[in-house]
Amino acid sequence: MSQNAEALQRSARLYPYYALCSSANFWQPVFFLYFIQYLSLAEVLRLEAVYYMAVVVLEVPSGYFSDVVGRRVTLIISAASTVVASSLFLIGDSFSVFACAQIALAAGMAFRSGTDTSFHYDVLSVLNRESEYDHREAVVARNAFAGSALAALIGGLVASYALHLAYVLSVGVAIVAFMIALLFAEPPQQRVSSERVGFISQIGHCLRYLHQPALHG
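To keep things clear, this report deals only with the structure shown in the data block. Not measured: the values here are computed from a predicted model.

Conventions and cut-offs
Residues numbered from 1 in each chain as written. Predicted model: local features only at pLDDT ≥ 70, side-chain atom pairs only at ≥ 80, totals over all residues. Heavy atoms only, no water. Helix = DSSP H or I, 4+ residues; strand = E, 2+ residues; numbered from the N terminus. Buried < 20%, exposed > 50% of the residue type's maximum accessible area, 1.4 Å probe, protein only. Contact = heavy atoms within 4.5 Å. Areas by Shrake-Rupley, 256 points an atom, 1.4 Å probe, with all protein chains shown as cover. Expected span 1.5 Å × (residues − 1). Bend = angle between axes of the 7 residues up to and from the residue. Axes fitted to C-alpha atoms, helices over the stretch in contact; angles between N-to-C directions. Left-handed = near helix turned anticlockwise from the far one by under 90°. Nonpolar A, V, L, I, M, F, W, Y, C, P; charged D, E, K, R; others polar. Salt bridge = Lys/Arg side-chain N within 4 Å of Asp/Glu carboxyl O. Core = buried A, V, L, I, M, F, W, Y, C linked by side-chain atoms within 4.5 Å.

With that settled, the discussion passes to the overall build of the chain. A count of helices and strands for the chain gives 9 helices and 0 strands. Secondary structure elements in the chain, listed N-terminal to C-terminal, are α-α-α-α-α-α-α-α-α. The buried share of the chain, reckoned over its 217 residues, is 39%. Taking the contacts inside the chain whose residues are at least 6 apart along the sequence as the reference set, 81% of them involve residues at least 24 apart. In the structure as shown, the chain presents an accessible area of about 11,800 Å², 66% of it carried by carbon and sulfur atoms.

Next comes the structure, spelled out in structure tokens:
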């Protein structure tokens, strides 16, 4: 087996652990209580607006970045952004710091969204194991949901002693996800056409879907 094939086999083995760590949001059941310690209710609601606006702005560019630069680099950026976000939440005590954390959290989500499953498929495809994808991805999703629920339970329990402990655990698991992403190997690009579609063209293609009646509700 070639060195590249061995690296891709390692990536296939590590991917379920990456997915599990990426979905373990220990802060999820207590973030509102945590924010309200430092901010007014109006500021907390504005923080949520910052997060969702950042997700909207970053979602399409992150997908384009993943296609052009590579899945591995995109997942590393996602994991690094989540480490930054969790760390800022942990040390922050003002709206500006928490807003930066929300933007970093949105970047972590946007750069992972779609890239993780594409990476998984690309790795299996190069290894001629694409027939395993459906089953493997179903198992990964099941374990990620279970891990997310368990993380929420643990986060709530430790937060009953001190709210910041949920973010301590979040920093730890984000670092683990980042370290796993560093061990991934980049699957060879699967070129689907002789001419790469431009970023502006992709945005126009997405906007054309707004004409579909099903999206008007």
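With that settled, consider helix H3 (residues 41-69). For H3, built from 29 residues, the straight-helix expectation of 42 Å at 1.5 Å per residue is met to within 8% by its first-to-last C-alpha distance of 40 Å. The largest bend along H3 measures about 35° and falls at Leu58, with the proline Pro61 one to four residues further on. Positive phi appears at Gly70, one or two residues downstream of H3, with a value of about 135°.

Now for the packing of helix H6 (residues 115-126) against helix H7 (residues 133-159). The N-to-C vectors of H6 and H7 enclose an angle of 145°; their axes lie 11 Å apart at closest approach. As for the relative orientation of H6 and H7, their crossing is right-handed in sense. When H6 is examined against H7, the residues Thr117, His120, Tyr121 and Leu124 are found in contact with a partner set consisting of Tyr133, Arg136 and Glu137. Across the contact of H6 with H7, the residue classes break down as 3 nonpolar, 2 polar and 2 charged.

As a working rule, side chains carrying opposite charge can pair if their charged atoms are close by. By the definition in use, this model includes 3 salt bridges. The partner of Arg71 in a salt bridge is Asp122, and the shortest N-O contact between them spans 3.1 Å. On the criterion of sequence distance, the pair formed by Arg71 in helix H4 (residues 71-91) and Asp122 in helix H6 is long-range, its members being 51 residues apart. The partner of Arg129 in a salt bridge is Glu132, with the nearest N and O atoms 3.0 Å apart. Residue Arg129 is classed as buried on the basis of its relative accessible area of 18%. Judged by relative accessible area, Glu132 falls into the partly exposed class, the value being 30%. Through salt bridges with shared partners, one network takes in Asp67, Arg71 and Asp122.

This part takes up the nonpolar core. In terms of nonpolar packing, the biggest core is built from 25 residues, with Tyr18, Phe119, Val123, Ile180 and Phe184 touching the most fellow members. Counting only elements with at least two residues in this core, the list comes to helix H1 (3-22), H4, H6, H7 and helix H8 (164-183). When residues in this core are grouped by element, the largest group, 8 residues, is from H1. Non-local contacts of Val123, meaning those with residues more than four positions away in its chain, are made with Leu8, Ser11, Ala12 and Pro187.

Attention shifts here to the packing of H4 against H6. For the pair H4 and H6, the least separation of the axes is 10 Å and the interaxial angle reads 145°. In terms of crossing hand, the pair formed by H4 and H6 is left-handed. Contacts between H4 and H6 involve Arg71, Arg72, Thr74 and Leu75 on the former and, on the latter, Thr115, Asp116, Ser118, Phe119 and Asp122. Class assignment of the residues belonging to the contact of H4 with H6 gives a composition of 2 nonpolar, 3 polar and 4 charged.

What follows deals with unusual backbone geometry. Residues other than glycine seldom take positive phi values, yet Asn128 does so here, at roughly 60°. With respect to the helices and strands, Asn128 occurs in the loop between H6 and H7.

Let us look at H7. Compared with an ideal rise of 1.5 Å per residue, which puts 27 residues at 39 Å, H7 spans 37 Å between its outermost C-alpha atoms and is within 8% of the ideal. Burial in H7 covers these residues: Tyr133, Arg136, Glu137, Val140, Ala144, Gly147, Ser148, Ala151, Gly155 and Ala159.

What follows is about the environment of Ser96. Structurally, Ser96 is set in helix H5 (residues 95-112). Judged by its relative accessible area of 47%, Ser96 falls in the partly exposed class. Sequence separation between Ser96 and Leu47 is 49 residues, and the spatial gap between their C-alpha atoms is 9.3 Å.

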